[in-house]
Amino acid sequence: MLAAGSGSRMGMRSTSTPKCLTLLAGHALITWQRRAFVESGMSDRLLVVLEDSPLTAAADEEIQRVSGTRGPMDSLFSIDAERISHGAVVCYADIVFHASVLQTLLASAGDICIVADRAWLKLWECRFDSILDDAETFRARGTSILEIGDRAQEVNEIEAQFIGMMKLSPQGFATLRALHEPGDDSTRLLSRAVRAGVPVQACFIEGRWCEVDSPSDVAAYEQALGGPEIWSHDWRTC
């Protein structure tokens, strides 16, 4: 769980509280994540945080403190490769997701497999006045990704959106580490891998997750959850 970001887009919320402790639907983001991991039977977890973070490890969890990182992939590759000798699920700590999302990923094949939401437009319409200000290109043939992470000019260039969660085999971890450049975010690195001919597989889902980048995200989600209809991205439901 990558929780070493500054959370700059959270504004005042992040000055005294790590972003993953932001409350959503009555619980911290990290609490929702931990529940999903436990429900999926994953008891070996590593929380990567900034050196001065007040976060502490929960049960069945280790913590690694990092410094000098300029992007989320910097913190990922600060981890010793021996730590993921059997592979790993990597996720940003600012997302929440239903356990079924994680279970679908665990059942997928490939050295590098990322979770992508085909129902992304419903979530982006909830979050943004202009969806193309944030959404990135995503094209695939079957489950093989052809393009990811570029600036989209039209909605039809976007078949899905990466949710900030992926599964890496030891070989996949080594491959991405070799391609990594300081300051990378995940889609920049994945785009570089795809352009280099590295196989990157998509694990497609339909909603049931959210990303929190700003206080307005929290407000939008709380409003959607309180509506009369079942929301496509409600991660809490059975």
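Everything here concerns the structure above.
Everything numeric in this text was worked out from a predicted model, so none of it was measured.

1. Observations regarding the sheet that holds strand E5 (residues 61-66)
Spatially, three strands are ordered E1-E4-E5 in an open sheet, and the strand pairing comes out parallel. Looking along the sheet, the strands with just one partner apiece sit at the ends: strand E1 (2-3) and E5. The strands touched by helix H2 (residues 29-39) are strand E4 (45-50) and E5; relative to E4, the strand with the most contacts, the crossing angle is about 160 degrees.

2. Notes on the pattern of salt bridges
Across all of its chains, the model carries 15 salt bridges by this definition. The salt bridge involving Lys-19 is made with Asp-213; its shortest N-O contact spans 2.9 Å. Remark: Asp-213 occurs in the loop between strand E13 (209-211) and helix H8 (215-225) and Lys-19 occurs in the loop between helix H1 (13-16) and strand E2 (23-24); sequence separation between them is 194 residues. Taken individually, Lys-19 and Asp-213 each receive the classification buried, so the pair is uniform in this respect. The closest approach of N and O atoms between Arg-188 and Asp-185, which form a salt bridge, is 3.9 Å. Salt bridges here are not isolated pairs; linked through shared partners, they connect Lys-19, Asp-94, Arg-127, Glu-211, Asp-213 and Asp-217.

3. Some remarks on the pairing of strand E12 (residues 201-205)
Across a regular strand the side chains alternate sides, sitting on one face of the sheet and then on the other. For E12, the tally of buried residues reaches five of five residues, placing the bulk of the element in the interior. Burial of E12 is two-sided: the residues Gln-201, Cys-203 and Ile-205 facing one way and the residues Ala-202 and Phe-204 facing the other way are all buried. Two strands pair when backbone bridges link them, and strand E8 (residues 112-117) and E12 are joined in this way by five bridges, in the parallel orientation. Residue pairing across strands places Ala-116 opposite Phe-204, the latter belonging to E12.

Cut-offs and rules
- Residues numbered from 1 in each chain as written.
- Predicted model: local features only at pLDDT ≥ 70, side-chain atom pairs only at ≥ 80, totals over all residues.
- Heavy atoms only, no water.
- Pairing = 2+ DSSP bridges.
- Helix = DSSP H or I, 4+ residues; strand = E, 2+ residues; numbered from the N terminus.
- Contact = heavy atoms within 4.5 Å.
- Axes fitted to C-alpha atoms, helices over the stretch in contact; angles between N-to-C directions.
- Salt bridge = Lys/Arg side-chain N within 4 Å of Asp/Glu carboxyl O.
- Buried < 20%, exposed > 50% of the residue type's maximum accessible area, 1.4 Å probe, protein only.

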